[in-house]
Amino acid sequence: MKPIHSILNSIVEPIEKVKKDYDNTNSRIIEDKFFMMKELEYPFDNSYIMKKSKSIKKALLADGSDRIKKKIAVLGGSTTHDIIRILELFLLNYDIEPVFYESEYGQYWQDAMFPSDELKEFAPDIIFIHTSNRNIIEYPTMDDSEAAVQDKLDNTFRHFETMWHNLHELYHCPIIQNNFEAPFYRLMGNRDGYDIHGRLSFINRLNFMFSEYAGKASGDEGSFFINDINYLSTCYGLDAWSDPLAWHMYKYALCIQAIPTLSFNVANIIKSIYGKNKKGLVLDLDNTLWGGVVGDDGPDGIEIGQETNLGQVYLEFQNYIKAQKELGIVLAVDSKNDEENALAGLNHPDGALKPDDFVFIKANWEPKSENMKAIASELNVLPESLVFVDDNPAERAIVTGQIPKVNAPEIDTPEHYIRILDHSGFFETTSISEDDRKRNEMYMANRKRTELQESFKDYSEYLKSLEMKAVIAPFEKMYIPRIAQLTNKSNQFNLTTKRYTPDDIEKTANDSSNITLYGRLEDKFGDNGIVSLVIGKQDGEELHIDLWLMSCRVLKRDMEFAMMDTLAKKASERGIKTVYGYYYPTAKNKMVKDFYSLQGFDLVKEDEEGNKTYKLDLDGYTNKNNVIDVETVCAE
């Protein structure tokens, strides 16, 4: 008979081997995922992505990320198969899982104007129209009069405009449309750009008409975005981009190697539409915002300003960062420095950025990864919503190793800082509201609120001291872009994490069976803008809440109670007796798993995946908000 320890070893050793193999496999999957994510960040290797697309996709899908699923119809004026293949990779990397409809070669117009049953059943969430100057049917000739050239221009524009209107009427979804790259030859040389008969002149005028349409597109015209291949082809190199061989052999309107560049740009538009943009820049100081080390060289010894060539480079970068702030990008500092030295560097008279431009300045000797986490926590955002900018590759590696989903672009020499950040598409703008532009002010006001809170022992008294006022009203047309943006950006305080485009929001608001509410909140420190949304669907005497979300910057201010009180009042006025709330768990919204219980709802159902259904009887409902002065506005 074998000794007992031998028997146990014969059992334990295989188990340990399986566990070790599992750990190694799991570790490899994580490493592969991290590696593939880096390969999809700008500047990327186009050839590598084209060759390794299958393995990249496999690694991306292996991590089990919580992705939103979207249906994308690609209507092509040329071959689109490989564009779709690579576009999928970039979207997966942005946690968007796409399903594609692809038109037959060159059938973009037919699919748009006379859609097949397949396309109708597909019911796209987004339509991407991939056309190029190869799809322009009529160019001016030297015999054309000015009126004839204008007719050709108007006819070409109407060809597309009619298609856009028809698609919007059919699908009410965002449309992404390529503009036109410059021709790869100029018959008249430089004159081709300004003579009305020149192809380059014709394309420039047509691109301007496209841009005018995009600038006005809203409401009845629907969400419309330009994929600027005119700019892309210029950056890539027009001679390389407009490869005649790729067209005549494969009917690709661009060279094969440029496909990742095109697909990346389209993916950035899509991820911006669905709120996947980054929210802030966390910046190092020494050799990032200025040349030199302020602690060693002193504020007078750092390079910034017009006195040296390198100082000019850093000043240009600071101006670029300051311009990002004006678009609503949150700025913070994460630097290994004494705070006194950091502030002295930021107060340099020739610098563009000053201490007041930053919501937080973490200048200390703590690990930068810990400072990053602290900044994210104090902003009430996820760490991966911030971009870490540091000239030191070791620091970048430490931060991304400790916070895997944080982007830390591989900036090299200062003259390339702007190009790398800008081309990375972190802050692709598909809409911008006044609330966006005031975001830095809002976060700075939050710091003052936190400082005030620390002086109060009674939290309720602190809330009353804020002198909060709220406007709660049905969705209004003027706020539709901001409302749609909020549904796509809010992940943590979001009960169902449903996403809406501006077209979706407009349809929802116009449906009389819905109760829609937005909430604005202001206090003595400033206006927070629109911070909360509720959408409820009436079914007889029942109301089913499809969406409830709130911006994390107003957490713990009782705004959710003010919204609930208003919702209960509106529902009762409609004769509704019972309200049903739903919680669908994700990796990011655990903070609201008990939200409905705190509102007085009863749990009536929970499935295996943790989806919960709650019920509230409105009979005898009593208001819960005691600290916010609420103005309710009725629908017109």
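Numbering of residues starts from 1 in every chain and runs along the sequence as written. In keeping with the predicted nature of the model, local features appear solely for residues at pLDDT of at least 70, side-chain atom pairs appear and are counted solely at 80 or more, and the whole-chain, interface and lining totals rest on all residues. Side-chain calculation: all heavy atoms of the structure are included, whereas hydrogens and water are not.

**Focus: the overall build of the protein chain**
Piece 1. Counting from the N terminus, the helices are DSSP H or I runs at least four residues long and the strands are E runs at least two residues long. Across its full length, the protein chain carries 25 helices and 17 strands.
Piece 2. Radius of gyration: over C-alpha atoms. The globule rule applied is 2.2 Å multiplied by the number of residues raised to the 0.38 power. Here the protein chain has a C-alpha radius of gyration of 28 Å; the compact-globule value for 636 residues is 26 Å, and the two agree.
Piece 3. Once the C-alpha set of the protein chain is aligned to its principal axes, its extents read approximately 80 × 80 × 70 Å.
Piece 4. Out of the 636 residues belonging to the protein chain, those deemed buried represent 53%.
Piece 5. We call two residues in contact when some of their heavy atoms are within 4.5 Å. Across the protein chain, the fraction of contacts at a sequence separation of at least 24, relative to all contacts at a separation of at least 6, is 73%.
Piece 6. Exposure was quantified through the Shrake-Rupley algorithm and a 1.4 Å probe, taking into account, for residues, occlusion by the shown protein chains and nothing else. Looking at the protein chain as shown, the accessible area adds up to about 29400 Å², and 50% of this sits on carbon and sulfur atoms.
Piece 7. When charges are counted, neither His nor the chain ends are considered; positive counts come from Lys and Arg and negative counts from Asp and Glu. Here the site of a charge means NZ on Lys, CZ on Arg, CG on Asp, or CD on Glu. A gap of 4 Å separates the mean positions of the 73 positive and 103 negative side-chain charges of the protein chain. Note on exposure labels: buried denotes an accessible area under 20% of the residue type's maximum, exposed denotes more than 50%, and partly exposed covers the range between, all computed with a 1.4 Å probe on protein chains only.

**Notes on the packing of helix 3 (residues 53–62) against helix 4 (residues 81–93)**
Piece 1. Comment: axis = line fitted to C-alpha atoms, over the contacting stretch for helices; angle = value between 0 and 180 degrees taken between N-to-C directions. At a closest axis distance of 10 Å, the pairing of helix 3 and helix 4 adopts a crossing angle of 25°. Considering the angle they form, helix 3 stands roughly parallel to helix 4. The interaxial crossing formed by helix 3 with helix 4 has left-handed handedness. Packed against helix 3, whose contacting residues are Ser53, Ile56, Lys57, Leu60 and Leu61, the element helix 4 presents Arg85, Ile86, Glu88, Leu89, Leu92 and Asn93 at the interface.
Piece 2. Only Asp, Glu, Lys and Arg are considered charged in this grouping, and only Ala, Val, Leu, Ile, Met, Phe, Trp, Tyr, Cys and Pro are considered nonpolar; every other residue, Gly among them, is considered polar. In terms of residue class, the contact of helix 3 with helix 4 is built from 6 nonpolar, 2 polar and 3 charged. Angles below 35 degrees are treated as roughly parallel, those above 145 as roughly antiparallel, those between 65 and 115 as roughly perpendicular, and all remaining angles as oblique. Note on convention: near helix rotated counterclockwise from far helix by under a right angle means a left-handed crossing. Clockwise means right-handed.

**Side note on the pattern of salt bridges**
Piece 1. Here a salt bridge means any side-chain nitrogen of Lys or Arg lying within 4 Å of a carboxyl oxygen belonging to Asp or Glu. Applying the stated criterion to the full structure yields 23 salt bridges.
Piece 2. Residue Asp144 pairs with Lys152 through a salt bridge whose shortest N-O separation is 2.8 Å.
Piece 3. Owing to a relative accessible area of 16%, Asp144 belongs among the buried residues under this scheme.
Piece 4. Residues Asp357 and Lys322 are paired through a salt bridge, measuring 2.8 Å at the closest nitrogen-oxygen approach. Of the two residues, Asp357 sits in the loop between helix 15 (339–346) and strand 8 (360–364) while Lys322 sits in helix 14 (residues 309–326), which places them 35 residues apart along the sequence.
Piece 5. We classify Asp357 as buried; its relative accessible area is 6%.
Piece 6. Of the residues examined, Lys322 reaches a relative accessible area of 25% and is grouped as partly exposed.
Piece 7. The structure contains a network of salt bridges with shared partners spanning Arg67, Asp95 and Lys405.

**So, the layout of surface pockets**
Piece 1. There is about 720 Å³ of room inside the second largest pocket.
Piece 2. Taken together, 30 residues line the second largest pocket, and the ones lying closest to its centre are Asn380, Tyr459, Cys552, Leu555 and Lys556.
Piece 3. Of all the elements in the fold, those that place two or more residues in the lining of the second largest pocket are helix 16 (368–379), helix 20 (439–453), helix 21 (459–465), helix 24 (559–573) and helix 25 (595–598).
Piece 4. Counting residues per element, the lining of the second largest pocket draws most heavily on helix 20, which supplies 7 residues. Cavity means a closed set of points on a 1 Å grid over the protein atoms alone, one where a 1.4 Å probe fits but cannot get out, pocket means an open set with protein on both sides within 12 Å along at least 5 of 7 lines, and lining means a residue has an atom within 4 Å of a point. Grid points are joined across faces, edges and corners, and a volume is the space filled by probe spheres set on the points.

**Examining a negative patch on the surface**
Piece 1. A surface patch of negative charge is lined by Glu102, Glu104, Asp117, Glu118 and Glu121.
Piece 2. For the negative patch, the element with the highest residue contribution is helix 6 (residues 117–122), accounting for 3 residues.
Piece 3. Positionally, Glu121 belongs in helix 6.
Piece 4. Residue classification places Glu121 among the exposed positions, given a relative accessible area of 67%. What goes into a patch is any residue over 30% in relative accessible area without a salt bridge, connected to like charges within 9 Å or, for nonpolar side chains (Val, Leu, Ile, Met, Phe, Trp, Tyr), within 5 Å.

**Digging into the sheet that holds strand 8**
Piece 1. Two strands are counted as paired when DSSP detects at least two bridges linking them. Here 4 strands make up an open sheet; going across it, the order is 8-7-6-9 and the pairing parallel. Of all the strands in the sheet, the pair left with one neighbour each is strand 8 and strand 9 (386–389). Recorded for the sheet is a direction-independent mean angle of 15° between the axes of neighbouring strands.
Piece 2. Pairing between strand 6 (residues 280–283) and strand 9: 4 bridges, direction parallel.

**Quick look at the side chain of Thr400**
Piece 1. Mapping Thr400 onto the fold places it in helix 17 (residues 393–402).
Piece 2. Take Thr400: its relative accessible area is 7%, and that puts it in the buried class.
Piece 3. At a separation of 3.3 Å, a polar atom in the side chain of Thr400 contacts the main-chain carbonyl oxygen of Ala397. Within 3.5 Å is the distance limit for a polar contact, defined as a pair of N or O atoms, with the added protein rule that one can donate a hydrogen and the other accept it, and that residues adjacent in sequence qualify only through two side-chain atoms.

**A few points about the state of the cysteines**
Piece 1. The disulfide definition used here is simple: a pair of cysteine sulfur atoms within 2.5 Å. Using the criterion set out here, one finds 0 disulfides in the structure.
Piece 2. Lacking any disulfide linkage, Cys235 is separated from the closest cysteine sulfur, that of Cys255, by 14 Å.
Piece 3. What makes Cys235 partly exposed here is its relative accessible area of 42%.

**So, the sheet that holds strand 1 (residues 68–76)**
Piece 1. Reading across the sheet, the 5 strands line up as 2-1-3-4-5 and stay open at both edges, with parallel pairing between neighbours. Whereas interior strands pair on both sides, the edge strands pair on one side only; in this sheet they are strand 2 (96–102) and strand 5 (224–227). Taken over all neighbouring pairs, the strand axes of this sheet differ in orientation by 25° on average, direction set aside.
Piece 2. Two strands pair when backbone bridges link them, and strand 3 (residues 126–130) and strand 4 (residues 175–178) are joined in this way by 3 bridges, in the parallel orientation. Pairing of Ile129 across the sheet is with Gln177, part of strand 4.
Piece 3. Lying over the sheet, helix 4 contacts strand 1, strand 2 and strand 3, oriented at roughly 165° with respect to strand 2.

**A closer look at the nonpolar core**
A general feature of soluble globular proteins is that nonpolar side chains tend to end up buried together.
Piece 1. Of all hydrophobic cores here, the largest spans 71 residues; its most connected members are Ile270, Leu281, Leu289 and Ile321.
Piece 2. The residues contacting Ile321, other than those within four sequence positions of it, are Leu281, Leu283, Leu331, Leu353 and Leu421. Only buried residues count toward a nonpolar core. Its members are Ala, Val, Leu, Ile, Met, Phe, Trp, Tyr and Cys residues joined through side-chain atoms within 4.5 Å.

**Notes on the confidence of the model for the protein chain**
Piece 1. pLDDT is defined as a per-residue confidence score from the predictor, taking values between 0 and 100. A residue-level look at the protein chain finds 92% of positions with pLDDT of 70 or above and a mean pLDDT of 90.
Piece 2. When the criterion is pLDDT under 50, residues 1–5 qualifies, and its contacts beyond four places in sequence or with other chains add up to 1 contact.
Piece 3. Note that residues 25–30 has pLDDT below 50 and, in this model, 1 contact with residues that lie over four places away or in other chains.

**Regarding the packing of helix 7 (residues 146–171) against helix 8 (residues 199–216)**
To characterise two packed helices, one gives the angle between the axes of the helices and the distance between these axes.
Piece 1. Remark: helix 7 packs on helix 8, axes separated minimally by 11 Å, with the N-to-C direction vectors making an angle of 35°. As for the relative orientation of helix 7 and helix 8, their crossing is right-handed in sense. Between helix 7 and helix 8, the contacting residues are Val149, Gln150, Lys152, Leu153, Asp154, Thr156, Phe157, Phe160, Glu161, Trp164 and His165 on the first element and Phe202, Arg205, Leu206, Met209, Phe210 and Tyr213 on the second.
Piece 2. Looking at the contact of helix 7 with helix 8, its residues break down into 10 nonpolar, 3 polar and 4 charged.

**A look at empty space enclosed by the protein**
Piece 1. By the definition in use, this model includes 3 cavities of 30 Å³ or more.
Piece 2. Estimated volume of the largest cavity: approximately 830 Å³.
Piece 3. Lining the largest cavity are 47 residues, with Lys276, Asn277, Lys278, Glu384 and Ser385 positioned closest to its centre.
Piece 4. Looking at the lining of the largest cavity, the elements with two or more residues in it are helix 1 (4–39), helix 4, helix 12 (259–273), helix 20 and helix 22 (480–489).
Piece 5. Looking at the lining of the largest cavity residue by residue, the class counts come to 18 nonpolar, 14 polar and 15 charged.

**Focus: the pairing of strand 10 (residues 469–473)**
Piece 1. One ladder, built from 4 bridges, connects strand 10 with strand 17 (residues 629–632); its direction is parallel. Looking at the pairing, Lys469 lines up with Asp629 of strand 17.
Piece 2. With 5 bridges connecting them, strand 10 and strand 11 (residues 514–523) associate as antiparallel partners. Residue pairing across strands places Ala470 opposite Leu521, the latter belonging to strand 11.

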